[in-house]
Amino acid sequence: GIRGSVTSLKLLDAEGNAHRVDLLVDDGEELVAVEYKTGTSGDLPAPDHAAQLRGYLELLRVASGRTARGELVYLDRRERFVLDETGERPLKAAS
């Protein structure tokens, strides 16, 4: 079950730059970073959104020492994409 969640979590990179994850869920096994997007046109997932989420996952893994996966949720298009814990495989539509 879900152990907890935090909205708008600020992460700092090695240079001190702040990054905000829309939602971070700790399910007791792994961390799940969720990014909500609206107003996106073209093919999904957008490459810049995938890169943003991959960056967040790397920051979370380094900071916590735990596995992390990500989800991009396109609210207005009602589509969701999952990025696995390695951050290296392409995003795929979630069922």
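Below is a short write-up of the structure.

Cut-off values and rules
- Residues numbered from 1 in each chain as written.
- Predicted model: local features only at pLDDT ≥ 70, side-chain atom pairs only at ≥ 80, totals over all residues.
- Heavy atoms only, no water.
- Buried < 20%, exposed > 50% of the residue type's maximum accessible area, 1.4 Å probe, protein only.
- Helix = DSSP H or I, 4+ residues; strand = E, 2+ residues; numbered from the N terminus.
- Pairing = 2+ DSSP bridges.
- Salt bridge = Lys/Arg side-chain N within 4 Å of Asp/Glu carboxyl O.
- Core = buried A, V, L, I, M, F, W, Y, C linked by side-chain atoms within 4.5 Å.
- Contact = heavy atoms within 4.5 Å.
- Expected span 1.5 Å × (residues − 1).
- Arc of directions from axis to C-beta.

1. Here we look at the pairing of strand β4 (residues 68–74)
Okay, step 1: β4 sits mainly inside the fold: six of its seven residues count as buried.
Okay, step 2: The pairing of strand β3 (residues 31–37) with β4 spans seven bridges and is parallel. Each residue of the ladder has a partner; that of Lys37, found in β4, is Tyr74.
Okay, step 3: As consecutive antiparallel partners, β4 and strand β5 (residues 79–83) are separated by four residues, and within that stretch Arg78 has a phi angle of approximately 55°, a positive value.

2. Here's the deal with the pattern of salt bridges
Okay, step 1: All told, the structure shown has six salt bridges when counted by the stated rule.
Okay, step 2: Of the charged contacts in the structure, one is a salt bridge between Glu30 and Arg69, with a shortest N-O distance of 2.7 Å. Of this pair, Glu30 sits in the loop between β2 (18–26) and β3 while Arg69 sits in strand β4, and the two are 39 residues apart along the sequence.
Okay, step 3: Classification of Glu30 by relative accessible area gives buried; the value is 15%.
Okay, step 4: Judged by its relative accessible area of 22%, Arg69 falls in the partly exposed class.
Okay, step 5: In this structure, the salt-bridge partner of Lys37 is Glu35, at a minimum N-O distance of 3.6 Å. Per residue, the accessibility class of Lys37 equals that of Glu35, and both read buried.
Okay, step 6: One continuous salt-bridge network, built from bridges that share partners, spans Glu30, Arg69, Glu71 and Arg80.

3. Here's the deal with the nonpolar core
Okay, step 1: With 16 residues, the main nonpolar core has Ala33, Leu53, Leu60 and Tyr74 as its most contacted residues.
Okay, step 2: Going through the elements one at a time, β2, β3, α1 (47–64), β4 and β5 are the ones with two or more residues in this core.
Okay, step 3: The leading source of residues in this core is α1, at four residues.
Okay, step 4: With residues near it in sequence (within four places) discarded, Ala33 still touches Val21, Leu23, Leu24, Leu53, Leu57, Leu60, Arg69, Gly70 and Glu71.
Okay, step 5: Formed by five residues, the second largest nonpolar core is a distinct cluster that contains Leu23, Val32, Val34 and Val73.

4. Structural notes on α1
Okay, step 1: Taking 1.5 Å as the rise per residue, α1 with 18 residues should run 26 Å; its terminal C-alpha atoms sit 26 Å apart, in good agreement.
Okay, step 2: Taken together, the buried positions of α1 are His49, Ala50, Leu53, Tyr56, Leu57, Leu60 and Arg61. Burial along α1 is one-sided: seen end-on, the buried residues are contained in an arc of 135°. Across from the buried face of α1, at angles greater than 90 degrees, the exposed residues are Pro47, Asp48, Val62 and Ala63.
Okay, step 3: Elements that come into contact with the buried residues of α1 comprise β1 (4–12), β2, β3, β4 and β5.
Okay, step 4: With its phi angle positive at about 70°, Gly65 sits one or two positions after the end of α1.

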